[in-house]
Amino acid sequence: MDFCLKDNNYLQFKDIIYKQIFGMPMGNPLSPTIADLVMDHLLDECLTGCNAKPNFIVKYVDDIFAVMDKYKVADLLLILNGFHSKLQFTVENENNSSISFLDVKIHRMDTQLSFDWFQKPTASGRLINFRSNQAKHIIFNTASNLINKVFTLSDERFHHSNIIKVTKILSDNGFPPAIIRGLILQQQCRRAKQQSEDNNKGYFKSIVYVPKLAESFKQVVTKNIQDVRLAFKSNQTIRHLFTKLKTKIDRDKRTDVIYKINCKGKPDETCNLCYIGTTKQFLRQRLSNHKSDIKNNNLAKTALAAHSIDKGHFPDFDGVKVLQTEKHTSKRYTLETLHILNNKNNMNRKQDTQCISSIPSDLDSEIGDVDGDDQAECMCLGNENEEDSSSLANVSESDWDSENEVLLSEIEAKKIKNNTVWTKKTDSVTIISRIL
């Protein structure tokens, strides 16, 4: 570390070797990183417990933008300049409710901010000349990047004035007027197209690809729900190829689970019903709640409590089975409903399945039958923006494994056709502080 930061800071000028004794040298790859770390440390030390702390602060290398009360500016500047004698800041207050930060001019209008492209008065406006001995695509890309930068940094109400500025800059660098107009128009069209695509983007959902079924399912969904775009994925991921090395979590300590409790009936009466539920807390805590509901005769709490109290039956709490694990709340409730629908001998109430609506009637004719040789799978829409969106799994009896989060046991593909998931204003001032 000492060698990288201190011992190799040498330079040679007119056959004389000099050593830099303070700071990081320009051109050293480590210099930007060290400068960033120093600024982070400076702000952490100065702002911790500071009475002049800004309402909002952001930095880019050694440039700081902050929003704070006017009477606190002098106090904050004194604190920052007291950190180190060689790290001194200056302050630029807003002028006519506007201030520049990097390449942006920030305008304060009541409770909103608007942005405009900013150039320093000393900016030369020099770009690669149109007649420069360079490849044409480089010349055109340089101009296009400037136009795109101006449009991106400025609000739409400033575009007209900025087009005039850009036209002058490109003209001063030898670009013909026709080419300038063409490049500006090209960028405007690209931005309009991008904005249109963003407005009509909708949202993506993922389904596991099932031969002869996925394509038809996608067509029906696309036709009936315009804002949804389906993408196919495989449920055979790399993690299925490796042995599970993590220590298995005890059943009672598992969270975010869908569970099944069978009813043992009573000594002189058997019962084949089961209760399917879900919880985000420890399973043992949820079972304790069930036991408390039954003990306190709380009929309205759950269907399990109502059944046990009315019939005098005993739930098999010791034999509770974890059907699946799902961290995302909405997905977990949907999967719970699918399990309820798949278990005909359940005691769950009707409202437990209200989040499921039936598939459009034309799906029945458009999807068609799935061959018996195809592995039966169940589809559940998953959000692509959430991590681990595992929403589909193999469902044959031989593949049942709660640790692998298999969805349902023995679901025929035709069942997919019948049930699927559609499932102050403040007296503030903006300041800019710059390290010297």
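Refer to the structure above for everything that follows.
The model shown is predicted, which means the values in this text are computed figures rather than measured ones.

Cut-off values and rules
Residues numbered from 1 in each chain as written. Predicted model: local features only at pLDDT ≥ 70, side-chain atom pairs only at ≥ 80, totals over all residues. Heavy atoms only, no water. Helix = DSSP H or I, 4+ residues; strand = E, 2+ residues; numbered from the N terminus. Buried < 20%, exposed > 50% of the residue type's maximum accessible area, 1.4 Å probe, protein only. Areas by Shrake-Rupley, 256 points an atom, 1.4 Å probe, with all protein chains shown as cover. Pairing = 2+ DSSP bridges. Axes fitted to C-alpha atoms, helices over the stretch in contact; angles between N-to-C directions. Contact = heavy atoms within 4.5 Å. Parallel < 35°, antiparallel > 145°, perpendicular 65-115°, else oblique. Left-handed = near helix turned anticlockwise from the far one by under 90°. Nonpolar A, V, L, I, M, F, W, Y, C, P; charged D, E, K, R; others polar. Core = buried A, V, L, I, M, F, W, Y, C linked by side-chain atoms within 4.5 Å.

Draft legend 1. Quick peek at the overall build of the protein. For the protein, the count of helices and strands is 12 helices and 17 strands. Going through the 436 residues of the protein one by one, you find that 37% of them count as buried. Per element, the accessible surface of the protein, about 27,100 Å² overall, is 50% carbon and sulfur.

Draft legend 2. Highlighting the sheet that holds strand β11 (residues 257–262). With antiparallel pairing, the 3 strands of this open sheet are ordered in space as β12-β11-β13. Lying at the two open borders of the sheet, with one neighbouring strand each, are β12 (274–279) and β13 (321–325). Ignoring which end each strand starts from, the neighbouring axes of this sheet average 25 degrees apart. The pairing of β11 with β12 spans 6 bridges and is antiparallel. Bridge pairing links Y259 to G277 in β12. Its contacts with the sheet place helix α8 (residues 283–295) against β11, β12 and β13, and it is angled at close to 45 degrees to β11.

Draft legend 3. Region of the structure containing the packing of helix α2 (residues 31–47) against helix α3 (residues 73–81). Packing of α2 against α3 leaves a shortest axis separation of 10 Å and a crossing angle of 125 degrees. Comparing the axis directions of α2 and α3 gives the class oblique. Crossing of α2 over α3 shows right-handed handedness. Contacts from L42, L43, C46 and L47 of α2 reach α3 at L76, I79 and L80. Class assignment for the residues of the contact of α2 with α3 results in 7 nonpolar, no polar and no charged.

Draft legend 4. Here's a closer look at the nonpolar core. Membership of the largest hydrophobic core comes to 15 residues, with the highest contact counts inside it found for W117, L146, I147, V166, L170 and F175. Taken together, the elements giving at least two residues each to this core come down to α4 (136–153), α5 (159–172) and α6 (177–199). It is α4 that provides the largest number of residues to this core, a total of 6 residues. The contact partners of I147, leaving out residues within four places of it in the chain, are V166, L170, L183, I184 and Q187.

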